[in-house]
Amino acid sequence: MSATDTLVRLRYRFLPDHMVGEILSKRWTDNAIPFTALVLTLAIFGNINPGMFSAFGLYDLAGQISEFGLLAIALTLVMISGGIDLSIGSVFALCALTVLTALNVYGLPLPVAVLLTLAVGAFCGAINGVLIGYMRLRAFLTTLVTLVMFRSIYEMILPKVATDIVLGMPDSVVWDNLGFSSFLGLPYAFYIAAVIAIVWHIVLSRSRPGWHIAAVGGARRSAHNAGINVRLVICLTYVFCGMMVAAAAILFAARLTSVGTDTGLGMEISVLTAVILGGTTLGGGRGSVAKALIGSVIVLIMTNGLLQMGVIGTVSALILGVVLLLAVWLDVRWVKNRQKLIDSSYVSPAYIQLKDEDTNTSVYTENDKLRNVETIGLGQVEGPEDVAVDRHGNVYSGSRHGEIHRWLAPDFKEHEIFAHIGGGTFGMNFDKDDNLVVCVGGMGLYMVTPEREVVKLTDETNRSWTSVIDDSRIQLADDLDIAPDGRVFFSEASIRYTVHDWPVDMIESRGNGRIICYDPRDGSTKTVLRNRIFPNGIVCLPDGESLLFNETWACRVCRYWFDGPNKGKVEVVLDGLPGYPDNINRASDGNYWVCLVGMRGPALDLAMTRPSFRRRMTRRVAPANWIYPNINTGCIIKITAEGEVLESIWDKGGVNHPMVTSCKEHEGHLYIGGVSNNRVGRWKIEGADPTWSSPVDYWGPKS
Amino acid sequence: MSEKEKTKGGKGLSFSQEGIVFLLTLALFVAFSIILPNFLTSGNVIALMRSVSILGMLALGMSLVVIGRGVDLTMVATLVVGVVWAVKLTNDGMPFGEALFYGGLLVSAFGLIVGLIVAFAEIPPIFTTLAMAPVIFGIGNPFLFKQDTHNAPRNVEWLGDLGFGATLGIPNTILVFGLVALVIHLILRYTRFGRSIYAMGDNPLAARMTGLPLRPIIVSQYIMTALVAYLVGLVILASNSGINSRLAYTTLVYDVLLVVVLGGIGLSGGRGGVRNVIVGTLFVGTLLSGMTILNLSLTAQNLIKSVVMMLALIADTLVNPRDEQTSQQGDI
Amino acid sequence: MKLKSTLIGACAALALAGTASAQQELSNASRDSYMEAVAGKRIVYIPMSMTTDLVLTWHAFLQRQADELGYTVDVRDPNWSAEAGARALTQAIGEKPDLIVLQNPDVQAYARLIQRAQKAGIKIVQLNMESLSQSDAYVGADWYGVGYTAGEAIAAQCGGGNGASNKVAVVTGVPTAPVDLFQMSGFRQALEDAGSDVEIVSEQSAGYDPSKARAITSSVLQQHSDLCAAFGIWDGQDAGIGAAIKEAGMADQVFLVTSGGGAQTSCDRVEDGSFDMFIEYDARMQGQALNTLVATLLQSDREAGAEKLVYYGPNYIVTPETLNPASCFVVDEGQ
């Protein structure tokens, strides 16, 4: 290996190129522009106005942020769902009036007053919600009209109670503390608002109702067709918006303890400014609590700062307007170009030097042994990546459509859909109770009982702390095998790509895959091996403490000890395969069948040592013109557990069985699946034990 | 008026929002005529028309952009700054005509900037104009003028005629309104520019693909709106023999938007025309005039106005329901 | 200067004896201590918006005296937003200036904040509108008096068969604004006191918008073609009332009373006959009184809230007969 090669290898081993794209594709990088604006604002106004960061300044600012932030979150809720609420200023005034009237005029206890106020907010929101959500009025106009409506009601009530509000003194220590006391230098209101904000953050980003809101805003029709009750969701966003406004109004009332004729007047504009500045888009689908808060802080600091600098009001409005335009302009650009940036930087090929093929052996000589393969279910199935045969000889296969097909023994003429799971079904094996355990692309590990009941076993594993992308979800479970103690070991081929992007993972060859163990005894799921290069087929050895697995793009077979004295050890048993190994399964003679899905070529092998070349290729050349592995020819080889290749069988012209991704031996026959085939193959093995069956070999005979 | 509406609108009229609002207007008009003895006098009807002609003219200007799937919330700020500056220049000694010319240049520049931002920076028009309104007013006050009250120059005769004169018994203001309506109608219906606005409002992408110069159209739209606003400002100046910059703080522009939309010009663009604006204007005018005569308080008027508008919106939705399958994404 | 010294005298009479005695002798010692007491101090001025004649005039006066005596005036312009005003006031309390000059938007908005400032030891002069919380000093127009004067004039004009009828129309700004409420209660009281048969046939709000005022008045004139008088709450808006009356050709019949701070634009309208009677709460007088109170409070060693000084500016009546070049003033825009 030359020195430059070493340098290239070291550079690609230690510089984490892939992080750039991964960081960019995190949802929070969406906030880059608003966040930069926030930092700039803080820096500029902090310099001009050192008083802002004094104890009093912070106390004051925290109080304002708690009110303004709640309002911004309220509007954000509605805007994520694709609506807008211009009436918040009027609802705010009404709610502040309600709580003050209840406390100061009628002397109600504080909890009653607060509940009453929240109810008023919810009621106003419900009016908007019913009109917009259920009656399908246009949000902009409707809330523009309710703005006038609520304001008129406010103006009718205000003169009757205004004087009493100022003269009355509520008899509540909590209320006084809420407005005037502090804890750790910040007002109580701030902590209340912070808790509410965190709750909404979790709801919006990590809960089903939150996703429903975003779904409705992002694509109303699709959300409706996906079964979301769009009308209810929209209505509820307005109700919650009203309640949040009420909460803000309570904090405001506690701080100022009075309302005036223009309380809340024009508030919708400043809140809207904050929300948009934070990067929430009108029309729905995009927005978060963080955005709302970032926007609010920017707006508050700017208006306060300008006010304090003695800038004429109209001029500070001018400056705010220009800043809003600039920020939105940058944000529009950012949104437009972020995806392009991700597209061009996400794929980050690594250096990999494949071991040369073993040219001294003739075991790989092509032959036509597979030519006489029988076909089962021709045209009935699409993409059987893996096959399985049960104790009675019935043949099962997965399919691209998320179904498990079954052909009944003995002649396999009778075909049925055994179960519908929903995701592309890959590796499958029977456990000791004859349940069919299946790897499902995009969904995780599932099990189908003999009664055809589909049970989810697991769909997430532990999050690894060093990974930028969230790798807790299992998105490309590929093959599995079951250890004698019942533990299921399965491979996840890539955490960076979904099944459709497997060629891209190949171009990258970075070691994005892992092996995960699901333990049915306590239902736990744990990642046991990381950073493998497209780990694919898995087979447990009879010793009960180790397994063999294929690393497809590395063209090798490895052995991993999950128990026993060698626990944790990984050893390459067979390197330098002439093709890309897919699945591996037991043979009746104690050896293993390995399917090579495609064969290596010198051009691609060379390209694997030139990561920058591959990167240029992905950036400049259309995907259709990339160099891909040859998957038009494949073969099945038989190896020993120690890595000795015993024989290879081919279908040279690819006539009867063009692609091989998996094979299972059963009673003297090999059942063959291929991920782009439309059939299952059945091939008679010369000299094989005609009584051997995989479930019996694994779990022993059963009556 | 009613005859004309019926023959022109034909069968579809009574089922559109425009039709609903028109029927409501008729109902209100009849009701007020019966309840209020002096409502149905020519003098009152003229006063009614006159009082809404400013709103109507602004709505006409607004409709130009709304049909093109835009919106212009800077209209009031633009008219205030343009006209107040022109008046200030005059009071400082410049001939009124010259000052008006400069004011016109200024508002065109405002329209140009707004249009450029919408067309080239691709910021949604509602935000562009929302943000530009205070920017425009902030440029006017304090850099071009400071005080809020400005009296019209006294020795300009035509200004007095515009504000107080009448031709054939009809106040000139109403005539100007009619003229603006006619011009905009002709532009929208009979010029290539007008047809382009409809095409753009209906489907901007398709319009661009068929080769329409979208960006120049957008920019000229906003310049036209600014000029209409400037003209309205002149009418305001003439009719009150002065102008108060506090106007920029009012919610007048939202009333304008409501008139446009109530008349049946959807915010999603491509629909409606001058007739819709006139229907919307008449509706608001009738309502306001009746309530003023009834001597209701401003608060009560606002409440009633909002309730009636809501009823009109609800009626439209009931007659023309929208559902999840047909509603446009991002159409608020 | 003459006016100024009279005013100082007037305010000294209002002020408590302790500060009044300082005026007795003009020795160098008292001048020095005066100059020393005010120099280097800091005032925060929080108006409603730096656009109206009143606010600009007050500021011009404040600034002039500050420049002469060597203290500073910082403006915080909330641009018509009481909420921004409350923030400015809160900030100002944190900054601890020597004095806050505050224009109240209404009686309630700043009530609690004023109390807070006083507790924090900051003196406050309120302008234009008295808050429900009293502070060290108040300078402003006598709103009740404005309404009362207007009521008296209209009662005389239209009562007892003197005018075209006994009908009067009222155009307020917004019905909930205290300025409007005070004027209206004064106006009603005057009508009642005069025992006249004058009837308010219309009481509408125009939201300080002259175009709306014009529309309202046109409608009212249609209904009551024999209207005798109209009363408006603010001159900037009431230009619209005058325009409607002029258009209807009833300038001779309808007696229009309005009020304002006394900018030249208003006197021009008196001159051209739009306004028949203009009640001027002279902003210049208020500015002078404000300066006197500021100087007084800056000198005083007493705690914030110890004094409650009040100055109601007198209302001058400007009619076409009494109009003279000094009736109004041109707002000093050059700052």
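Residues numbered from 1 in each chain as written. Chains lettered and ligands numbered in written order. Predicted model: local features only at pLDDT ≥ 70, side-chain atom pairs only at ≥ 80, totals over all residues. Heavy atoms only, no water.

Points about the overall build of chain A
And step 1. Tallying secondary structure elements over chain A gives 19 helices and 26 strands in all.
And step 2. Each principal axis of the C-alpha atoms in chain A carries an extent, and together these give about 105 × 65 × 50 Å.
And step 3. Among the 703 residues that make up chain A, the fraction classed as buried is 60%.
And step 4. In chain A, the proportion of contacts linking residues at least 24 apart, taken out of those at least 6 apart, comes to 63%.
And step 5. Split by element, the accessible area of chain A, about 27,400 Å² in all, is 60% carbon and sulfur.
And step 6. Computed over 60 positive and 66 negative side-chain charges, the separation of the two mean positions in chain A equals 7 Å. (Helix = DSSP H or I, 4+ residues; strand = E, 2+ residues; numbered from the N terminus. Buried < 20%, exposed > 50% of the residue type's maximum accessible area, 1.4 Å probe, protein only. Contact = heavy atoms within 4.5 Å. Areas by Shrake-Rupley, 256 points an atom, 1.4 Å probe, with all protein chains shown as cover. Lys, Arg positive; Asp, Glu negative; His and termini not counted. Charge placed at Lys NZ, Arg CZ, Asp CG, Glu CD.)

Considering the interface of chain A and chain C
Note: interface size is frequently given as the accessible area lost on complex formation between the parts.
And step 1. Counting residues at the interface gives 30 residues for chain A, matched by 28 residues for chain C.
And step 2. For the pair chain A and chain C, the summed buried area comes to about 2,600 Å², and 57% of that belongs to carbon and sulfur atoms.
And step 3. Summed over the three residues of chain A that lose the most area to chain C, namely A:Phe56, A:Leu307 and A:Gln308, the buried surface amounts to 22% of that side.
And step 4. Across the contact surface, chain A and chain C share zero salt bridges.
And step 5. Elements with a contribution of two residues or more to the side of chain A that touches chain C: helix 4 (55-80), helix 7 (139-167), helix 14 (289-308) and helix 15 (313-345) of chain A.
And step 6. Here the side of chain A that touches chain C is built from residues that sort into 15 nonpolar, twelve polar and three charged. (Buried area = accessible area lost by both parts, 1.4 Å probe. Salt bridge = Lys/Arg side-chain N within 4 Å of Asp/Glu carboxyl O. Nonpolar A, V, L, I, M, F, W, Y, C, P; charged D, E, K, R; others polar.)

Here we look at the environment of B:Val219
Residues and elements named next belong to chain B.
And step 1. Counting through the fold element by element, Val219 comes out in helix 11 (residues 214-239).
And step 2. Val219 sits 101 residues away from Val118 along the chain, and the two C-alpha atoms are 7.9 Å apart.
And step 3. For Val219, the contacting residues outside a window of four places in its chain are Leu112, Gly115, Leu116, Ala119 and Phe120.

Examining the packing of aromatic side chains
Aromatic rings considered in pairs are described by the distance between their centres and by the relative angle of their planes.
And step 1. Inspection of the entire model under this criterion finds 27 aromatic pairs over all chains.
And step 2. Note on A:Phe183 and A:Tyr188: the rings are 6.4 Å apart at their centroids and 15 degrees apart in plane angle, and the pair reads as stacked.
And step 3. Take A:Phe183: its relative accessible area is 41%, and that puts it in the partly exposed class.
And step 4. Between A:Phe534 and A:Trp553, the aromatic rings sit 4.9 Å apart at their centres with planes inclined by 45 degrees, giving tilted as the arrangement. Residue A:Phe534 is found in the loop between strand 15 (524-532) and strand 16 (535-540), and its partner A:Trp553 is found in the loop between strand 17 (546-551) and strand 18 (556-561); the two are separated by 19 residues along the sequence.
And step 5. What links up through ring pairs into an aromatic cluster is the set A:Phe183, A:Tyr188, A:Phe190 and A:Tyr191.
And step 6. Stacked on the ring of A:Tyr346, the Lys or Arg A:Arg496 has its end atom at 4.2 Å from the ring centre.
And step 7. The ring of C:Tyr208 carries the charged tip of B:Arg246 above its face, separated from the ring centre by 4.8 Å. (Phe/Tyr/Trp six-rings, centres within 6.5 Å; stacked < 30°, edge-to-face > 60°. Lys NZ or Arg CZ within 6 Å of the ring centre and 35° of its normal.)

Some points on unusual backbone geometry
And step 1. Note the cis peptide between A:Ala409 and A:Pro410, where omega equals 5 degrees.
And step 2. Along the polypeptide, A:Pro410 turns up in the loop between strand 6 (403-407) and strand 7 (415-420).
And step 3. Across the junction of B:Asn141 and B:Pro142, the peptide omega takes the value 15 degrees, indicating a cis bond.
And step 4. Tracing the chain through its elements places B:Pro142 in helix 6 (residues 125-144).
And step 5. The phi dihedral of A:Phe412 is positive, around 60 degrees, even though this residue is not glycine.
And step 6. By the secondary structure assignment, A:Phe412 is in the loop between strand 6 and strand 7.
And step 7. By relative accessible area, which is 8% here, A:Phe412 ends up buried.
And step 8. In this model, B:Asn295 sits at a positive phi of 60 degrees, which is unusual for a non-glycine residue.
And step 9. Tracing the chain through its elements places B:Asn295 in the loop between helix 13 (274-293) and helix 14 (298-319).
And step 10. Since its relative accessible area comes to 28%, B:Asn295 is described here as partly exposed.

Considerations on the interface of chain A and chain B
And step 1. Each partner contributes to the interface: chain A provides 50 residues, whereas chain B provides 48 residues.
And step 2. Summing both partners gives a buried area of about 4,400 Å² for chain A against chain B, and 72% of it is carried by carbon and sulfur.
And step 3. On the chain A side of the contact with chain B, A:Arg138, A:Phe140 and A:Leu325 bury the most area, a combined 16% of that side's loss.
And step 4. On the surface where chain A and chain B come into contact, there are one salt bridge.
And step 5. A:Lys336 serves as the salt-bridge partner of B:Glu122, at 2.9 Å between the closest nitrogen and oxygen.
And step 6. At the junction of chain A with chain B, the criterion picks out three residue pairs in polar contact (both at pLDDT 80 or more).
And step 7. For the side of chain A that touches chain B, the elements supplying multiple residues, two or more each, are helix 7, helix 10 (208-218), helix 11 (220-225), helix 12 (230-256), helix 13 (267-277) and helix 15 of chain A. (Polar contact = N/O pair within 3.5 Å; in protein donor to acceptor, adjacent residues only side chain to side chain.)

Here we look at the pairing of strand 2 (residues 72-75) of chain C
And step 1. Judged by which residues are buried, strand 2 of chain C turns out to be one-sided: C:Val73 and C:Val75 face inward and are buried, whereas C:Thr72 and C:Asp74, on the alternate face, are not.
And step 2. With helix 4 (residues 53-69) of chain C bridging strand 1 (residues 42-46) of chain C and the parallel strand 2 of chain C, this β-α-β connection has right-handed handedness. (Right-handed = clockwise from strand over helix to strand, strands pointing away.)

Details of the sheet that holds strand 16 of chain A
All names here are of chain A.
And step 1. Spatial strand order, 16-17-18-19: four strands in an open sheet with antiparallel pairing. Every other strand in the sheet has two partners, leaving strand 16 and strand 19 (570-574) as the edge strands with one partner each. The average angle at which neighbouring strand axes cross in this sheet is 30 degrees, direction not considered.
And step 2. In the sheet, strand 18 pairs with strand 19 via four bridges, with the strands oriented antiparallel. Bridge assignment links Cys558 to a residue of strand 19, and that residue is Val572. (Pairing = 2+ DSSP bridges. Axes fitted to C-alpha atoms, helices over the stretch in contact; angles between N-to-C directions.)

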